[in-house]
Amino acid sequence: MKKIWMGIGVVCAVSLVSCGGGGTEAPKADAGGGAAAPAAGGAGAVPDEANGATITGKVMFDGTAPKEKTIDMSAVPACTRAHANAPAKSEEVIVNDNKTVKYAFVWIKSGLPEGTTWKVPSTPVMLDQNGCMYKPHVIGIMAGQNIEVKNSDPTNHNIHPSPTVNQEWNESQPPGSEDKMKTFARQEVMIPVKCNVHNWMRSYIGVVSHPFFAVTGDDGSFTIKGLPPGTYTLEVWHEKYGTQDQTITVGAKESKTQDFTIKG
Amino acid sequence: MSDQDKDPVVHSSLSKQLFIWSALLVLSMAWGLYDEVYGTRPWKGYEARFEKLYSKYLANARLGETAFEKQIRSSAEYQKMDREMQAAEKAAMPEASAIDKKVNEDLVPKILALNDPFQIVRAHIGSLTYEIEVSKSESSKDSLRKEIEELKNEVQKVSIPGEPKPREMKFSEMDDQLKKWKDEKAQLLQKRVEIMKQATELRAKRDQYLSDRLPEASAETIGLVQNSLANFDIKIRQIHVKDVDLVDRCESCHLGTREPVTLTAAHMGGEAVFASHPDKELLKIHDPELFGCTPCHGGNGVALSSVEKAHGYNKYWLWPLHHKENIEAGCQQCHVKEIVTEDANTLNAGREIFRLRGCMGCHRYEGFDRETDEITSVSQQIRSLEQQKAEWIRDAGFDEQKANDPRTKDADARKLNLEANDLKVRSSGLDAKMEQLDMRSHELIREVKKVGPSLKEARMKLHKEWIPVWLKDPHAWREGTKMPTFRLDDGEIRAIGAFIWQSGLTGELPQQKPGDAEKGKEAFETRGCMACHSMEEGSKKFGGTFAANLSREGEKANYDYIVRWVHNPRQRTAPYCTFEKRDLSKADYDKHNLPYVFDLEHSKCPNDGHELQVQQMTPMPSLRLTEDEARDIATYLMTRKRDNATYANADYLDDPSLKNKGLGLVRNYGCAGCHEISGLEEEQRIGTELTKEGSKPIERLDFALLGHKAEDEGWETHKGFFEHKLQDPAIYDTGKEKAKQDRLKMPNFNFSKTEIDAVDTFLEGSVDASVPQRYFYAPTDQRQDIIDGWWVVRKYNCMGCHRVHVAQTTTFDTIPRYQDPDWKDQKPPTLIGEGARVRPDWLMHFLNNPALSENDTNRDGVRQYLKVRMPTFSFSDGEIRKLVRFFEALSSQAQPFIAEELEPLTDQERVMARQLFSSEGAPCLKCHMTGDPKHDVRATAPNFTVAKERLKPGWTKRWMLDPAMMSPGTAMPSGLFRHEDNRWVFAGPTPPSFNGYPKDHADLLVRYMFQFTPEELGRLRSAGAGN
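About the cut-offs
Residues numbered from 1 in each chain as written. Chains lettered and ligands numbered in written order. Predicted model: local features only at pLDDT ≥ 70, side-chain atom pairs only at ≥ 80, totals over all residues. Helix = DSSP H or I, 4+ residues; strand = E, 2+ residues; numbered from the N terminus. Rg over C-alpha atoms; globule rule 2.2 N^0.38 Å. Buried ≥ 20, exposed ≤ 12 C-beta atoms within 10 Å, placed from the backbone. Contact = placed C-beta atoms within 7 Å. Pairing = 2+ DSSP bridges. Core = buried A, V, L, I, M, F, W, Y, C linked by C-beta atoms within 7 Å. Axes fitted to C-alpha atoms, helices over the stretch in contact; angles between N-to-C directions. Parallel < 35°, antiparallel > 145°, perpendicular 65-115°, else oblique. Left-handed = near helix turned anticlockwise from the far one by under 90°. Nonpolar A, V, L, I, M, F, W, Y, C, P; charged D, E, K, R; others polar. Domains from an automatic or database assignment. Arc of directions from axis to C-beta. pLDDT = per-residue confidence, 0-100.

K.L.:
Now, about the overall build of chain B: what can you tell me, with residues and values included?
P.N.:
When helices and strands are counted, chain B shows 43 helices and eleven strands. In summary, chain B has a C-alpha radius of gyration of 40 Å against a globular reference of 31 Å for 1027 residues, an excess of more than 25%. In chain B, buried positions account for 33% of the 1027 residues. Residue pairs at least 24 apart in sequence account for 70% of intrachain contacts in chain B once pairs closer than 6 positions are excluded.

K.L.:
Tell me what's going on with the overall build of chain A, and back it up with residues and numbers.
P.N.:
A tally of helices and strands in chain A yields two helices and 17 strands. Among the 264 residues that make up chain A, the fraction classed as buried is 34%. Sequence-distant contacts in chain A: of pairs separated by 6 or more residues, those separated by 24 or more amount to 68%.

K.L.:
Explain the sheet that holds strand S8 (residues 582-583) of chain B to me, and be specific about the residues and the numbers.
P.N.:
Residue and element names in this part refer to chain B. Spatially, three strands are ordered S8-S7-S9 in an open sheet, and the strand pairing comes out antiparallel. Whereas interior strands pair on both sides, the edge strands pair on one side only; in this sheet they are S8 and strand S9 (612-615). By the bridge criterion, two bridges tie strand S7 (residues 571-577) to S8 in an arrangement that is antiparallel. Following the sheet pairing, Cys 577 is matched in S8 by Arg 582.

K.L.:
Let's hear about the nonpolar core: which residues, and what values?
P.N.:
Formed by 96 residues in total, the largest nonpolar core has its most connected members in Val 566, Ile 633, Ala 634 and Leu 1005 of chain B. Residues within four places of Leu 1005 of chain B in sequence aside, it is in contact with Ala 913 and Met 960 of chain B. Counting 59 residues, the second largest nonpolar core, distinct from the first, contains Ala 104, Ile 205 and Ile 262 of chain A together with Ala 971 of chain B.

K.L.:
Could you give an account of the packing of helix H24 (residues 559-567) of chain B against helix H26 (residues 627-638) of chain B, naming the residues involved and the relevant values?
P.N.:
Residues and elements named next belong to chain B. Orientation of H24 relative to H26, taken along the N-to-C sense of each, is 130°, at an axis distance of 8 Å. Between H24 and H26, the interaxial angle falls into the category oblique. The hand of the H24/H26 crossing is right-handed. Here Tyr 559, Ile 562, Val 563, Val 566 and His 567 of H24 come into contact with H26, specifically with Glu 627, Ala 630, Arg 631, Ile 633, Ala 634, Leu 637 and Met 638.

K.L.:
Tell me about the sheet that holds strand S6 (residues 147-151) of chain A, and please be specific about residues and values.
P.N.:
Residues and elements named next belong to chain A. Strand order in the open sheet made by the four strands is S4-S3-S6-S9, with mixed pairing throughout. Each having just a single partner strand, strand S4 (133-135) and strand S9 (180-182) make up the two edges of the open sheet. Looking at each pair of strands side by side, their axes are set apart by 25° on average, direction ignored. Here strand S3 (residues 125-130) pairs with S6 via five bridges, running parallel. Each residue of the ladder has a partner; that of Leu 127, found in S6, is Val 149.

K.L.:
Could you give an account of the packing of helix H34 (residues 840-848) of chain B against helix H35 (residues 877-890) of chain B, naming the residues involved and the relevant values?
P.N.:
Residues and elements named next belong to chain B. For the pair H34 and H35, interaxial distance at closest approach is 10 Å and the crossing angle is 135°. Classified by the angle between their axes, H34 and H35 sit oblique to one another. Of the two elements, H34 crosses H35, and the hand of that crossing is right-handed. Contacts from Pro 840, Leu 843, Met 844, Leu 847 and Asn 848 in H34 reach Ile 880, Leu 883, Val 884, Phe 887 and Glu 888 in H35. Considered class by class, the residues forming the contact of H34 with H35 number eight nonpolar, one polar and one charged.

K.L.:
Any chance you could break down the environment of Trp 200 of chain A for me, citing the residues and the numbers?
P.N.:
Residues and elements named next belong to chain A. Along the chain, Trp 200 turns up in the loop between strand S10 (188-194) and strand S11 (202-208). Using a count of 16 C-beta atoms within 10 Å as the deciding quantity, one classes Trp 200 as partly exposed. The spatial distance from the C-alpha of Trp 200 to the C-alpha of Ile 71 is 7.2 Å, given a sequence separation of 129 residues.

K.L.:
So what's going on with the domain arrangement of chain B? Which residues, and what values?
P.N.:
Split into domains, chain B comes out as domain 1 (75-225), domain 2 (322-357 + 689-744 + 749-778), domain 3 (370-447), domain 4 (455-570 + 616-673), domain 5 (782-890) and domain 6 (907-1022). Relative to domain 6 of chain B, the C-alpha centre of domain 2 of chain B lies at a distance of 55 Å.

K.L.:
Can you lay out unusual backbone geometry for me, pointing to particular residues and giving the numbers?
P.N.:
For the peptide bond that leads from Lys 135 of chain A to Pro 136 of chain A, omega is -5°, which places it in the cis range. One can find Pro 136 of chain A in the loop between S4 and strand S5 (138-142). With omega at -5°, the peptide bond leading from Gln 895 of chain B into Pro 896 of chain B counts as cis. Backbone geometry places Asn 593 of chain B, a non-glycine residue, at a positive phi of 55°. As for its placement among the helices and strands, Asn 593 of chain B is situated in the loop between helix H25 (586-591) and S9. The backbone phi angle of Leu 852 of chain B is positive, close to 55°, even though this residue is not glycine. Assignment of secondary structure puts Leu 852 of chain B in the loop between H34 and H35.

K.L.:
Can you explain the pairing of S10 of chain A? Please cite residues and give values.
P.N.:
Residue and element names in this part refer to chain A. Taken together, the two bridges between strand S7 (residues 157-161) and S10 define a ladder with antiparallel strand orientation. If you follow His 160 over to S10, its bridge partner there is Lys 194. Note that S10 and S11 share five bridges and pair antiparallel. Its bridge partner lying in S11, Pro 192 is registered against Tyr 204.

K.L.:
Give me the lowdown on the pairing of S11 of chain A, citing residues and values where you can.
P.N.:
Residue and element names in this part refer to chain A. Counted residue by residue, S11 has six buried out of seven residues, so it is predominantly covered. Of the strand pairs in this sheet, S5 and S11 are connected by five bridges, and their pairing is parallel. By the bridge assignment for S11, Ile 139 is matched with Ile 205.

K.L.:
An account of helix H40 (residues 953-961) of chain B is requested, with residue identities and associated values reported.
P.N.:
Here H40 of chain B has its buried residues at Trp 955, Thr 956, Trp 959 and Met 960 of chain B. Buried residues along H40 of chain B cover an arc of 130° about the axis, so they all sit on one side.

K.L.:
Give a detailed account of helix H22 (residues 517-526) of chain B, specifying residues and quantitative values.
P.N.:
Residues and elements named next belong to chain B. Every buried residue of H22 is accounted for by Gly 520, Ala 523 and Phe 524. The buried side chains of H22 occupy one side of the element, clustering within an arc of 100° when seen end-on. The inward-facing, buried residues of H22 contact H26. Once H22 ends, the next one or two residues include Gly 528, with phi positive near 130°.

K.L.:
Can you explain the confidence of the model for chain A? Please cite residues and give values.
P.N.:
Mean pLDDT over chain A works out to 84, with 84% of the residues at or above the 70 mark. Scored below 50 in pLDDT, residues 9-41 of chain A shows 32 contacts in the model against residues more than four places distant or in partner chains.

K.L.:
Can you lay out the environment of Gln 826 of chain B for me, pointing to particular residues and giving the numbers?
P.N.:
Mapped onto the secondary structure, Gln 826 of chain B falls in the loop between helix H32 (821-824) and helix H33 (834-837). The residues touching Gln 826 of chain B, leaving out its near neighbours within four places in the chain, are Tyr 818, Leu 866, Lys 867 and Val 868 of chain B.

K.L.:
Kindly report on the environment of Ile 493 of chain B, identifying the contributing residues and their values.
P.N.:
Residue and element names in this part refer to chain B. Position of Ile 493 relative to the elements: it lies in helix H21 (residues 490-503). By the C-beta count within 10 Å, which is 20 here, Ile 493 ends up buried. Sequence separation between Ile 493 and Ser 211 is 282 residues; the distance between their C-alpha atoms is 69 Å.

What follows is the structure in structure tokens.
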């Protein structure tokens, strides 16, 4: 019975449809894959410092500042010589005279408009191996921005970042050799860097996909300029004390202060 | 009414009936036509849709691709290559076209003109020669020969193009001339290739540049596909493998499977049926033209009439299509000898569960019980060799007897004596063979392991009160444990507990002083224990899954015993004699005035000389810890307990009346499949053999009362049976009236969905193969070593510490502590490429003695700077051989190993290398050990002074040049050398002695390291190396 009805259906269908050959669809150009990675010096948005918002603040330290550890470089005379006057100190925790913290990394963790590609600065950020220490101890760069790795020491270093989402590399840099230009393609806060030859050497690189980040200095302050109006998660990262978040809403041309306090 | 009116022909019309019937006829014809064209041929619809969707996709893809391709083509680099290629082509063109002209306009017409008359005569001569061969009379042969001579001498007129008058030529002249022209032509063409070589190479380079940068198909490929699609036919597409009578028509619907353009469901309007095969590499190894589709995937390859039938989902088809989560089941039938099959992770997980969780304790599966099977086979071989030898010796005796008989002739006697000697020599060869087998049979006892701990030791190791709690529900006490939950009532638990307790050995344990728990924790977390064991519970759990979680060890075990266990897990309380089938006591040794000592060096039974089991049958190795460190770790483990844990008194375990009932239950539940138990050492398996379970006829799988339910719910299949059984092993007892001892015995393993998928994949693949033997993966080359090696690698969980192959992580990769960059360098070394790195003789030595020292065993032989330590596994020689061959095979190393000869160092070179090694600019000895304890305190890399015993020079050079290539993330930096004038030179400042040195610096350092002497070490140290 079912087949008979199918048969009838077919006859009806045949009588209705004059002939096959549907309309041809015009090919559409495919928009292509995801957003391309920003290229250094390429096109992209630039923070609007005239009309954007500004967030400033300090990273305060609460508690007794830990004693700065002395680094034992005695195994390597070339390193010891660089610190003939005073022994080198670990830069893991540096509390400034005004009770603020040096080398804290502050950045906009989320809240920026989706889909904006930010212009990558064409100037590199210097990471110097000087006196068998990394100078500076913490740097921030944009994804795709060059890091200029320099060896100012009379000894061989190797520079070995251990990222988790970027590719890891480990390259030797003999004394007197050319500076190396290196980039990281993806956002990653933070990438630890070490030297396998001098195991006390440690530095951190914050790689951010936008230009809204800062590293605190001798006064423990930071400034982030040119933010589009919006609500943001602002994060501070510290090597020893981990991370803290704050939510902050800013309007156009508005200046706000947002301090952090790290408990020692 | 006239008569006419009465005539039915006049007054009753049939036209209505006729109309209806003819309408029905038309309809049924239409239906018939429909059925013929589409109804029973659904694949036609698929093909039509495929063509439409594919064309649409290609048109789009081409637009996208061309834009990207254009970008590459217009890049400076591509343009440069293109120009170079064009220039080369242009430069070569005049000469090439001259050759073309000569060949095409001169030689070819000449050859053609001469060829015809020449062939006619040659054919004629040929036929006459044949006649000579078949003719019988000599006279006719002679006349034929004469005829051939005449033919050869006959002059032919041949007009050659380009020559004014025809040439007059004999046969031999034509032959010579033709050969000359043909040679000339060949030479010219060869010359043309030479001339064009540069242009051809440049063109290939340019095209390679393009294809290297296009991740997807190029516009050119798409264009080709589009052209072929223009001729798309709607037809059955089938693979026919003639010699095995395999017909697979899967591609009649799955049209995208082998398309050169990679298709996904998203590309094809969401129709997954048209997607390309997801693994093109796999298809390269298993070419569908040879393998078809169904041997791997299952299904009914011939059927086309419906999706259900084609996929083999009708009831009695024994090889239904594997579901996506079990897709790797198809690998098992041919890769049945493997424990690890590359790229088949689900299947590998299934096999591993089957082995590690103890399924094989109850279920036989061919190939899984390797050691026991080999013991049987070795003793059989020895017996048959003994017989053979006896036969040969007897025959030799007969021969000699006969030879000595005075009636035997001298010649025969000599022959018989020779024969006798041959037999003697051959039987001495059997002695060598038997000796090998005998050694093997002894070491095999060492290789047999049990899944669970020995219950002979229960009394010494465990708290009595803990045993019933554990037996009741092991998973409730320790989440994820290997021990499954049996369906036991309290009476059974008491009886089993009592049997185990009372049959346990009561040896003496030295009383241990307490250790330092904090140090123990550090050691536990860094020495390597965590490669196999995990700590903490729930979401906080971390560490390996190979062995037990030890978060509650303090609740169950005795401290003194754990100290012994940590110090040497293989130490037994009493040796077991495989011949007498019992544990020996001190009395057995006293009888023979022997000390009660049993270890790998003292492994013979004092009573009968048979091989003893002198070790615990655990894969757990010794970390060669000091007793202090063992005490620290044990002390730490004793602190691992829940605060509020209480255990009820269990003194009933000493009740002798329970023991016999317990024994019966232990037998009934097959406990001896996984545990060593006194008196049950030789117990047989209690479960069904599962080697071919996947193709057991469905009616022989006992769904019991659930048959109808399974049918209604659509799981009356092998997959359905396995999954339900694994989920709830008691399920097929549902509704059954059974006596307790008749109930299904399989315990509950608390498998997760992923684990069930894995085991189901393994079982579904365990079939009576539908393909002939030659499809089976049974390599006869080095790949067999890889198969054998994996069994050993898995058995001892080498992969808990080491990366053995790419796309694998180790336990250390997951432990939080080891995420820190400094701890990353504390991970055990990767073993990818190990066979190319180390010498096999060294590796053998190292596996046997990882401390590389007989006296100083509290260390790692190679990397003393690591906290983690390569343990001593007490491998048998057979296992060591398998491991070494495994690594050699993985790196395609020739066997047997022959060390490479290096060019000797000159004195000058030795001085140069030493200066470089000890210079400020070279970092080598800042990290690498030198064997000088003062220096090595700070070392973070292997001892380079033993490189020559350990490493292969070729590997060493490749490693120095680019270590990140072999081991991404290694502490050894790249960029130590730069390539300059076809050689590698050190990238840093070199000592002045290097000025004018023309050779390769990396080679120099390798040669230095491989010709290193103790005297040179002294010189290097006094040069202040490494400071």
